[in-house]
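A closer look at the structure
Here is what each chain is made of, one letter per residue.
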Amino acid sequence: MNRRGFLSKTSLAALSAAIGTEIFYGAQIPAGYRLIAEQDPDLFARYHKDRDMVILNKRPINIEARAHLLNDDVTPERCMFVRNNGKVPVELQAENWELLIDGESVRQGRSFSLEELKTTFPHYSYNLTLECGGNGRSEFDPPAKGNQWTVGAVSCATWTGVRLRDVLREVGIKQDAVYVGYHAADLHLSGDPRKEVISRGIPMAKAMQEETLLAFEMNGKPIPEIHGFPLRLVAGGWPASVSGKWLKGLSVRNQVHDGPKMESPSYRVPCDPVAPGTEVADENMCIIESMPVKSLITYPRTGAVLETGRSLRINGHAWAGELQVKEVSYSIDFGATWQECTLDKPVNRLAWQNFRAAVTFPSEGYYEIWARATDSRGVSQPMVLPGWNPKGYLNNACHRIAVKVV
Amino acid sequence: MKKRSSKKEGNSQYRMMILAGFIVIFTFLSILVILTMDALEESQPQEVLVRDPERIENGIHLRTGLKAGEGMEAVIRHCTPCHSASLVTQNRMDAAGWESTIRWMQETQNLWDLGEDHELVVRYLTREYPVESKGRRQALKNIEWYSLDGQNP
């Protein structure tokens, strides 16, 4: 590398980092290119996020909730986590938005305008749990790379749209269809306009479920920009990365979709369990489908100090991917004994379920309240970390909060 | 005489007030410092807009949040154009881990050949962001205690 190139790259890096936005594309920005630094963007204000939300990364934007921010039955925009792999598309416009449906297994490719989708097919609304596959990654040992999510990369909002299956039936699908892959409008971090950032998808069976939507509304309003405006594929109960934002295209494939981040180790775990730290060959890594059973105590916020003799109301949510949660228990003695919580039915399939309990403490002191959910097949959350995997997915270890009785 | 002593009294009252003022301000500042230290310990460093892009405080390069040390400039040069340094500072890997992450980005994410800087970058990353053991479950940390009274009917 010559001195000149070196220098321009240095100042470029400095500038792009300083203005916090995307001015970069490779090393070939012409010498003397002038960049005007703007204000440090206030992501909370820009994307309507609660200031208690935690920013993991400003470029690309990755923000998680803290447990107590998720207390609502329906997660508001303000408290919904953001997991971006690339840059948010610029100048999103609903008016001329088109969705192209193609692939080996469609009879004939065709595109729909957003307006056509809305007027041709019936609308449905569901509360759908979306959890990032890497939620809880920060706890794995040895550490797994990527954004270090703690507990807050999960949400359950009301999504409104048309059923993917209605649209696929209208287009006409061949017998050999295996998978539906999505294509999105986000931009690669390197600035390369030809490079797809992430293009994942779902098997036909999931695509044909009645709750799998091409959604245009979240919580009764157009989907917020950072959550996929104006159109998003939403498939609840699976890693949220299958719910492609800024949806521009769907490919109906006669094989498992092979877009970026479908390959190992992305969103895959060892097909058979491995010892922590093991290197796993690509062919022994399996795609994550349904997310495992999990729960979160959303009230009170951890750190509550209360007077002795009074009972403490706790509440939270539990979910189990494709399954239903059949029981939630809590423990104040590190799992030595468990008490059952009251558990509501989900408002619809794939929505999280609310639980609550009144907790009493035998004496003054430091306590932790642990919650443990059990799914309809009798599988519970582990109290320690579940099986280690190279990318740190699927940590569904029990959530706990600290309480002091004085 | 009387006048003088009252003046003296006024003076000492004045001094007391200044002293009290100092104590209040000092306490307030200490609390502020402790609070911000806590916050710093807890939160992941983020890139911020600062007047002096080279400024380093307490061993942290303010603009990027990277730890100061030999090789940091190379890391800023090669590792912050596409994404913020938070993807570096959030992660802990051994040399093989950092190597394979870099290789993965070169093969799939348009990262260039680091040339002469390659070793310097890997050495910096392995030294400043090494693997740390956490066990099967860590103790709860950084608990902010608050009184629940009156909030829990």
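Worth saying up front: this structure is predicted, and the values here are computed from it rather than measured.

1. Observations concerning the domain arrangement of chain A
Residues and elements named next belong to chain A. One can read the domain layout of chain A as domain 1 (1-41), domain 2 (94-287) and domain 3 (294-405). The gap between the C-alpha centroids of domain 2 and domain 3 is 29 Å. The interface is formed by 40 residues belonging to domain 2 together with 24 residues belonging to domain 3. When domain 2 packs against domain 3, the two sides together hide about 2,700 Å² of surface, and 59% of this comes from carbon and sulfur.

2. Some words on the state of the cysteines
Residues and elements named next belong to chain A. According to the stated counting rule, one finds one disulfide over all chains in the structure shown. The disulfide bridge from Cys271 ends at Cys286, spanning 2.0 Å between sulfur atoms. Looking down the S-S bond of the Cys271 and Cys286 bridge, the torsion is 105 degrees, so its handedness is right-handed. One end of the pair, Cys271, is in the loop between β14 (268-270) and β15 (285-287); the other, Cys286, is in strand β15, with 15 residues separating them in the sequence. Judged by relative accessible area, which is 33%, Cys286 ranks as partly exposed. Unpaired in terms of disulfides, Cys132 finds its nearest cysteine sulfur in Cys156, a separation of 16 Å. Residue Cys132 is classed as buried on the basis of its relative accessible area, which comes to 6%.

3. Focus on the UniProt feature "domain: Oxidoreductase molybdopterin-binding" (unreviewed entry) in chain A
UniProt tags residues 86-259 of chain A as "domain: Oxidoreductase molybdopterin-binding" (unreviewed entry). As annotated, residues 86-259 of chain A has a helix share of 11% and a strand share of 32%, and its two end C-alpha atoms lie 15 Å apart.

4. Structural notes on a nonpolar patch on the surface
Taken together, the side chains of A:Phe334, A:Tyr366 and B:Trp145 make up a nonpolar region of the molecular surface, amounting to roughly 300 Å² of accessible area. On the secondary structure map, B:Trp145 appears in the loop between α5 (118-128) and β3 (146-147).

5. With respect to the packing of helix α4 (residues 95-108) of chain B against α5(B)
Residue and element names in this part refer to chain B. Remark: α4 packs on α5, axes separated minimally by 9 Å, with the N-to-C direction vectors making an angle of 130 degrees. By the angle between their directions, the pair α4 and α5 is classed as oblique. Between α4 and α5 lies a crossing whose hand is right-handed. Along the contact surface, α4 presents Ala95, Trp98, Glu99 and Ile102, while α5 presents His118, Val121, Val122, Leu125 and Thr126. Taken together, the residues that form the contact of α4 with α5 break down as six nonpolar, two polar and one charged.

6. Details of the pattern of salt bridges
Pairing of side chains with opposite charge becomes possible as their charged atoms draw close. Residues and elements named next belong to chain A. Summed over all chains, the structure comprises 23 salt bridges over all chains. Put simply, Arg110 and Glu116 hold a salt bridge, and the shortest N to O gap is 3.2 Å. According to the relative accessible area criterion, Arg110 is partly exposed, its value standing at 29%. Taking the shortest distance from any N to any O, the salt bridge between Glu210 and Arg165 comes out at 4.0 Å. Here the residue Glu210 occupies a position in the loop between α5 (204-207) and β10 (213-218), and Arg165 occupies one in helix α4 (residues 164-171), the gap between them amounting to 45 residues. Residue classification places Glu210 among the partly exposed residues on the basis of a relative accessible area of 36%. A residue is classified by how much of its surface remains accessible, and Arg165, at 18% relative accessible area, is buried. Three or more residues are tied together by salt bridges with common partners; here these are Lys206, Glu211, Glu322 and Arg349.

7. Considering the sheet that holds strand β22 (residues 353-359) of chain A
Adjacent strands of a sheet pair through backbone hydrogen bonds, lying either parallel or antiparallel. Residue and element names in this part refer to chain A. As summarised here, the arrangement of the four strands in space is β16-β18-β22-β21, forming an open sheet in which the pairing is antiparallel. In this open sheet, the two edge strands, each paired with only one partner strand, are β16 (294-299) and β21 (342-343). As defined by bridge partners, β16 adjoins strand β18 (residues 312-319) across five bridges and the pair is classed as antiparallel. Its bridge partner being in β18, Leu296 is matched across the sheet by His317.

8. A short note on the nonpolar core
All names here are of chain A. Of all hydrophobic cores here, the largest spans 61 residues; its most connected members are Ile101, Leu168, Leu214, Leu231 and Leu250. No other element matches α4, which puts four residues into this core. Counting contributing residues per domain, this core is built from domain 2 (94-287) and domain 3 (294-405), each supplying no fewer than three. Core analysis: the next-biggest nonpolar cluster, separate from the first, contains 27 residues, Ile314, Tyr330, Ile401 and Val405 among them.

9. Points about the interface of chain A and chain B
How big an interface is tends to be expressed through the accessible area that disappears when the partners come together. Contacts between the two partners involve 65 residues from chain A and, on the opposite side, 49 residues from chain B. Summed over both sides, the interface between chain A and chain B buries roughly 4,900 Å², with carbon and sulfur atoms accounting for 48% of that surface. Where chain A meets chain B, there are three salt bridges. Residue A:Arg66 is joined to B:Glu144 by a salt bridge in which the shortest nitrogen-to-oxygen separation is 4.0 Å. Inspection of the chain A/chain B interface yields 33 residue pairs in polar contact (both at pLDDT 80 or more). A total of nine residues in the side of chain A that touches chain B trace back to one element, the largest contributor, which is helix α1 (residues 3-19) of chain A. Residue classes in the side of chain A that touches chain B are distributed as 32 nonpolar, 14 polar and 19 charged. Sheet analysis places strand β17 (residues 304-306) of chain A next to β3(B), joined by two bridges and oriented parallel. Pairing of A:Ala304 across the sheet is with B:Tyr146, part of β3(B).

Rules used in this analysis
- Residues numbered from 1 in each chain as written.
- Chains lettered and ligands numbered in written order.
- Predicted model: local features only at pLDDT ≥ 70, side-chain atom pairs only at ≥ 80, totals over all residues.
- Heavy atoms only, no water.
- Domains from an automatic or database assignment.
- Contact = heavy atoms within 4.5 Å.
- Buried area = accessible area lost by both parts, 1.4 Å probe.
- Disulfide = S-S within 2.5 Å.
- Helix = DSSP H or I, 4+ residues; strand = E, 2+ residues; numbered from the N terminus.
- Buried < 20%, exposed > 50% of the residue type's maximum accessible area, 1.4 Å probe, protein only.
- UniProt positions renumbered as here; feature names shortened; annotations may be inferred.
- Patch = residues over 30% accessible without salt bridge, like charges linked within 9 Å, V, L, I, M, F, W, Y side chains within 5 Å.
- Areas by Shrake-Rupley, 256 points an atom, 1.4 Å probe, with all protein chains shown as cover.
- Salt bridge = Lys/Arg side-chain N within 4 Å of Asp/Glu carboxyl O.
- Axes fitted to C-alpha atoms, helices over the stretch in contact; angles between N-to-C directions.
- Parallel < 35°, antiparallel > 145°, perpendicular 65-115°, else oblique.
- Left-handed = near helix turned anticlockwise from the far one by under 90°.
- Nonpolar A, V, L, I, M, F, W, Y, C, P; charged D, E, K, R; others polar.
- Pairing = 2+ DSSP bridges.
- Core = buried A, V, L, I, M, F, W, Y, C linked by side-chain atoms within 4.5 Å.
- Polar contact = N/O pair within 3.5 Å; in protein donor to acceptor, adjacent residues only side chain to side chain.

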